[in-house]
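Spelled out from the first residue to the last, the chains are:
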Amino acid sequence: MGAAPPYGGVVLDGDAVLVGAPGRERLSAGASDLVRRLRTSGVRVALKVGGRHVDGPWVAELVSLGVVVGDGAVAEAAELTDLPPAQVAVLSGSAVGVRDARSAAVGLVVGIDRNGQRADLEAAGADLVFDDVGEVDLGVMRTDPWVLAYEGFDPAHEGHREALTTLGNGYLGTRGAAPERTADGVHYPGCYLAGIYNRLTSQVQGREVEDEHLVNAPNWLPLDLRIEDGPWWSEGGLSARRERRELDLRTGVLTRRVTLADQAGRRVDLTQRRLVSMARPHMTALETTVVPRGWTGCLAVRSGIDASVRNAGVAEFAQLSDRHLGHVTGRHLEPDVLLVEAVTTTSEVTIATAARTVVTGAAGPVRRRLEALPEGYYGHRLDVLAADERPVLVDKTVAVVTSRDPAIASPGLAALDQLGRSPSGVAGLLDEHEQAWARLWRSFHVDLAAGRDEQLVLNLHLFHLLQCTSPHTAELDAGVTARGLHGEGYRGHVFWDELFVLPLLTLHLPAVARALLDYRWRRLGAARQAAAGAGQVGALFPWQSGSDGREETPAQLFNMKSGRWMPDNSRRQRHVGLAVAHNAWRYYQATADTAWLVERGAELIIEVTRLFAGLASHDSTHDRFHIGDVMGPDEYHDGYPGAAGGGVRDNAYTNVLVAWVCRRALDTLTVLSGHDCDDLRARLQVEPEEESRWEHMSRRMAVPFHADGVISQFAGYEELEELDWDRYRATYDNIGRLDLILEAEGDTTNRYKLAKQADVLMLVYVLGADELQFQLGALGYPLAPDVLGRTVDYYLLRTAHGSTLSRVVHASVLASIDPGRAWATFREALVADLDDTQGGTTKEGIHLGAMAGTADIVGRAFAGLRIGPDALVFEPRLPAELRQARFQILFRGQRIDVTLDQARLQLSAHPCATAAPVNIQVAGTRTTLGGGETLAFDLPAGLSANAPARPAAGVARGTPET
């Protein structure tokens, strides 16, 4: 049993929880669920209707649940809970209600932003602001920018909390699940190893379906307690009187403090610390300190390894086979050491987990015995004599190794070796672990002078990015999984998220960025085979990739809203290959790594170019190249009305990027002239006719436009119907997945002018406004000055934000057009996972691309940072709400500290004896920056590319400012 929520009473303001037309108002679905959870936990609830006349069965149901329904001010409603104000939380949907609650001195004031009024609610004094009542977690604490804390226990949010408190190091990730729990519908322990997949076959609706999943590896956490001969904690024998969890983002340590009591009233205070070592990729540890309060007796401890786990963390996959581990063996090697080995059923990867459990502080000898269950659990049972007020320390140190790891004799021997030569316990591993994190934070930290929450969320995002793509990733063959190492969403597959992740990594950890690109290069053979299977040449990269690079996109997806399977045609998103080529070229631009470009990068770029040169058909009448049968990033249009699944013609994002990649293929051959280019041409059999076609396509790809000049998402988009957005927003709490909603209604998104996420606007995000206009001009489509702005406005109104990436793109795009709107959209993007705004999906894993993308916005959009052909370019667009931003980048060997405020940009290069000075361009002003030098630029108000920045007076080279 978990501890109760931190507040004894909750007041719901009608502005926050009632929906529907006046006179027919009702409680929203999210509010109804919240009320039931609160009442089940014994929390008193009052509803303030604010003068509304409410009636109907739902009101009677509330009253039957013990909810007090009243009128008047929030302060008066708080009194209805019959509790001191400090023990009451208020949820209000208006600034007036927030101020009222604040004046009543209640313990917590939560604003519900239903009408884009987040700033007003915060200014009125809201402690927290959520978009919807269903997102509210009353236990979340956001008072320290380096600590994510949760007070109490809320079963509805436990999966969400587990994902956000995951610990990882790039090699493995372990969800923040309670060690005493197994998967039970509320808790979901999960341990995931980068690049470890397994394929299973399932029978679904009479069909045989094959799926590959990131494997849920043996759970190393299990640790359970009981007092004397009572029931175990996991069985309800101990109940939590108070519980708090704190994730220290600076050091990567998760701490849990719980006060427990058994049915006889015997109490213990428990503190647990855990880490996944950032210094030693195979090592993890769990430290449990138990202090008896008022009793002396036997404390029984179970410490084990659970290889009976399944991949059961996503409800949508419930009909699929889920047992990926087989041939499980366990051995008791030393008095305190246990070794468990499991083999994945089809990929035949051996996963070895070795654990040492040591007890100190016992008042007498510790009795041990081995426990085993036939399903695959092996553990130690420890009987400890515990003395009143005397701490008992249970230290569990774990090593994890797989048969895919290099330089090992066998996984089992390697795991035992790692365990034997590593420091023991959290205390032993902590120092070098903290040092490793400190090194990463020195490079990655983005310091914001803004509001209260932005720094915490940005720290959280960078923390999880580094847990998935750390320096250890450079030694692995693994891609960027869309949901990190945090859960089983999307089966753990690799999509196009590296387009959002690699820009950040390339300017901070280029070796890791290169390794992630090498993941694609190693699968070129599979991509070439896929292209050949489609009757094409070149490389056809899959929309969803896993272990070997074949297409892993399922043919169908299950619609939880309709209870039906529906076709999944997203494999038509051929643009994923364009992202691979784009990333390869941007990596070369940032690093000048010519050797990698020769050996691997050029091959990626050229083979992708070949594919699209084959897919394109030439219209000689208009001298235009067209590409059909594809899907753009939008994902809501897999065909035209009445022709679902057939793809669309001339998706603007695809065609413009094809032209750009064709030009980069030619640039690659030019750059490598004299660097084994002849060998490259011979190896790839590049023919002059190919180069001629690429050059032609770079100038003549077709791009559709509306009659008024707005860029069309694809040919024929303008003829589609408009969606009744107001009706759908009024009918559904969340319309992010309109494809599922419309299918449940017997309709289809193919009929409407809408988008799941940014599509046309991805062009501005990927290329930047200036480069996009240049590219369109080179294609023969010069843009009038207002076209880009009108295009942005057009699609902003028609986007459902069904992907966390959508607001990342929109915030970046808006930065150069409307910085105020950019800041508001940036803040919405920040809370996607923290507030779980995507309808409860974060419990299945964080959204790694969006987390990286929000951090990248500060540099890419607000500082206007981009990599030009021969210079590092800044065109600052700092929103008024952001007073200052500071961050660091690594560009062509120069480590540069960037400090930006509303009036000035300062660049300070660290001393470097080997890297050459780099070219810098700030809003049209060009200069160079060498190691140990500092440059500063005064930024005129309304800075634009046509208003050059001026070097600041009195700032000399070689005298870095602080």
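Residues numbered from 1 in each chain as written. Predicted model: local features only at pLDDT ≥ 70, side-chain atom pairs only at ≥ 80, totals over all residues. Heavy atoms only, no water.

**Regarding the overall build of the chain**
No. 1: When its secondary structure is counted, the chain shows 26 helices and 40 strands.
No. 2: The C-alpha atoms of the chain give a radius of gyration of 29 Å, which matches the 30 Å a tight globule of 962 residues would have.
No. 3: Summarising its shape, the C-alpha atoms of the chain cover approximately 90 × 75 × 75 Å along the three principal directions.
No. 4: Put simply, 65% of the contacts in the chain that link residues at least 6 apart link residues at least 24 apart.
No. 5: The positive charge centre, built from 96 side chains, and the negative charge centre, built from 123, are 2 Å apart in the chain. (Helix = DSSP H or I, 4+ residues; strand = E, 2+ residues; numbered from the N terminus. Rg over C-alpha atoms; globule rule 2.2 N^0.38 Å. Contact = heavy atoms within 4.5 Å. Lys, Arg positive; Asp, Glu negative; His and termini not counted. Charge placed at Lys NZ, Arg CZ, Asp CG, Glu CD.)

**Notes on the sheet that holds strand E14 (residues 207-216)**
No. 1: Spatial strand order, E11-E12-E13-E14: four strands in an open sheet with antiparallel pairing. Unpaired on one side and paired on the other, strand E11 (167-168) and E14 mark the two borders of the sheet.
No. 2: Where E11 meets strand E12 (residues 172-174), two bridges bridge the pair, whose relative direction is antiparallel. When the sheet's bridge partners are listed, Gly 168 is paired in E12 with Gly 173. (Pairing = 2+ DSSP bridges.)

**Let's talk about helix H25 (residues 819-834)**
No. 1: If you check H25, its first and last C-alpha atoms are 24 Å apart, about what 16 residues at 1.5 Å a residue would give, namely 22 Å.
No. 2: Within the span of H25, buried status applies to Ala 822, Trp 823, Thr 825, Phe 826, Arg 827, Ala 829, Leu 830, Val 831, Ala 832, Asp 833 and Leu 834.
No. 3: Asp 836 sits one or two positions beyond H25 and adopts a positive phi of about 55 degrees. (Expected span 1.5 Å × (residues − 1). Buried < 20%, exposed > 50% of the residue type's maximum accessible area, 1.4 Å probe, protein only.)

**Quick look at the UniProt feature "domain: Glycoside hydrolase family 65 N-terminal" (unreviewed entry) in the chain**
No. 1: Taking the numbering used here, the UniProt-annotated feature "domain: Glycoside hydrolase family 65 N-terminal" (unreviewed entry) corresponds to residues 150-404.
No. 2: For the annotated span residues 150-404, helix accounts for 3% and strand for 57% of the residues, and the straight-line distance between the end C-alpha atoms is 37 Å. (UniProt positions renumbered as here; feature names shortened; annotations may be inferred.)

**Considering the state of the cysteines**
No. 1: Going through the model one piece at a time under the given rule, you end up with zero disulfides.
No. 2: Left without a disulfide partner, Cys 191 is nearest to the cysteine sulfur of Cys 468, which lies 13 Å away. (Disulfide = S-S within 2.5 Å.)

**A few points about the packing of helix H15 (residues 594-615) against helix H16 (residues 652-671)**
No. 1: Contact geometry of H15 with H16 gives a least axis separation of 9 Å together with a crossing angle of 140 degrees. The orientation of H15 relative to H16 falls into the category oblique. The two elements H15 and H16 cross, and the hand of that crossing is left-handed. Across from Leu 597, Ala 602, Ile 605, Ile 606, Thr 609 and Phe 612 in H15, the residues of H16 making contact are Thr 654, Val 658, Val 661, Cys 662, Arg 664, Ala 665, Thr 668, Leu 669 and Val 671.
No. 2: Grouping the amino acids of the contact of H15 with H16 by side-chain chemistry returns eleven nonpolar, three polar and one charged. (Axes fitted to C-alpha atoms, helices over the stretch in contact; angles between N-to-C directions. Parallel < 35°, antiparallel > 145°, perpendicular 65-115°, else oblique. Left-handed = near helix turned anticlockwise from the far one by under 90°. Nonpolar A, V, L, I, M, F, W, Y, C, P; charged D, E, K, R; others polar.)

**Considerations on the pairing of strand E21 (residues 325-334)**
No. 1: Sheet topology places E21 next to strand E22 (residues 337-344); seven bridges connect them, and they run antiparallel. From the neighbouring strand, Gly 330 faces E22, where its bridge partner is Val 340.

**Thoughts on the UniProt feature "domain: Glycoside hydrolase family 65 C-terminal" (unreviewed entry) in the chain**
No. 1: UniProt's entry tags residues 865-929 with the feature "domain: Glycoside hydrolase family 65 C-terminal" (unreviewed entry), counted in the numbering of this structure.
No. 2: Along residues 865-929, the helical share is 0% and the strand share 57%, with 15 Å between the first and last C-alpha atoms.

**Quick word on the pattern of salt bridges**
Side chains that differ in charge, positive against negative, can pair when their charged atoms come close.
No. 1: Scanning the entire structure with this criterion turns up 73 salt bridges.
No. 2: Note that Glu 210 and Arg 550 form a salt bridge whose closest N and O atoms lie 3.8 Å from each other. Of this pair, Glu 210 sits in strand E14 while Arg 550 sits in the loop between helix H13 (524-533) and strand E28 (556-559), and the two are 340 residues apart along the sequence.
No. 3: Taking the relative accessible area as the measure of exposure, Glu 210 reaches 47% and is therefore partly exposed.
No. 4: For Arg 550, a relative accessible area of 38% corresponds to the partly exposed category.
No. 5: Among the ionic pairs, Glu 454 bridges to Arg 827, the shortest N-O distance being 2.5 Å. Here the residue Glu 454 occupies a position in helix H10 (residues 454-468), and Arg 827 occupies one in helix H25, the gap between them amounting to 373 residues.
No. 6: Arg 827 gets classed as buried once you look at its relative accessible area, which sits at 13%. (Salt bridge = Lys/Arg side-chain N within 4 Å of Asp/Glu carboxyl O.)

**Some words on the packing of H10 against helix H26 (residues 848-862)**
No. 1: Where H10 meets H26, the axes come as close as 9 Å, and the angle between the chain directions of the two elements is 125 degrees. Here H26 runs oblique to H10, going by the angle between their axes. In this structure, H10 crosses over H26, and the sense of that crossing is left-handed. Residues Leu 458, His 461, Leu 462, His 464, Leu 465 and Cys 468 of H10 lie in contact with H26, whose contacting residues are Leu 848, Ala 850, Met 851, Ala 852, Thr 854, Ala 855 and Val 858.

**Details of H10**
No. 1: Taking 1.5 Å as the rise per residue, H10 with 15 residues should run 21 Å; its terminal C-alpha atoms sit 21 Å apart, in good agreement.
No. 2: Burial analysis of H10 places 15 of its 15 residues in the buried class, the great majority of the element.

**Some thoughts on unusual backbone geometry**
No. 1: Even without being a glycine, Ala 105 presents a positive backbone phi close to 60 degrees.
No. 2: Mapped onto the secondary structure, Ala 105 falls in the loop between helix H5 (95-103) and strand E7 (108-112).
No. 3: By relative accessible area, Ala 105 is classed as exposed at 51%.

**Brief notes about the confidence of the model for the chain**
Keep in mind that low pLDDT regions are not for reading the predicted coordinates in detail.
No. 1: The share of residues in the chain with pLDDT of 70 or more is 96%, and the mean pLDDT across the chain is 93.
No. 2: Low confidence marks residues 953-962, where pLDDT is under 50. Its contacts with residues over four positions away, or in another chain, come to 26 contacts. (pLDDT = per-residue confidence, 0-100.)

**Here's the deal with the environment of His 380**
No. 1: Inspection of the secondary structure puts His 380 in strand E25 (residues 377-386).
No. 2: Put simply, His 380 and Leu 413 are 33 residues apart on the chain and 20 Å apart in space, counted from C-alpha to C-alpha.
No. 3: Those residues in contact with His 380, other than ones at most four positions away along the chain, are Val 301, Arg 302, Ser 303, His 332, Pro 335, Asp 336, Val 337, Leu 338, Thr 357, Arg 368 and Arg 369.
No. 4: Within the structure, the side chain of His 380 is placed 3.5 Å from the side chain of His 332, a separation counted as a polar contact. (Polar contact = N/O pair within 3.5 Å; in protein donor to acceptor, adjacent residues only side chain to side chain.)

**Observations regarding the sheet that holds strand E4 (residues 44-48)**
No. 1: Spatial strand order, E5-E4-E1-E6-E7-E8: six strands in an open sheet with parallel pairing. At either end of the open sheet lies a strand with only one pairing partner, and these are strand E5 (68-70) and strand E8 (128-130). Neighbouring strand axes in the sheet, compared pairwise and without regard to direction, differ in orientation by 20 degrees on average.
No. 2: In this fold helix H2 (residues 29-40) packs onto strand E1 (9-13), E4 and strand E6 (88-92), with an angle of close to 150 degrees to the strand it touches most, E4.

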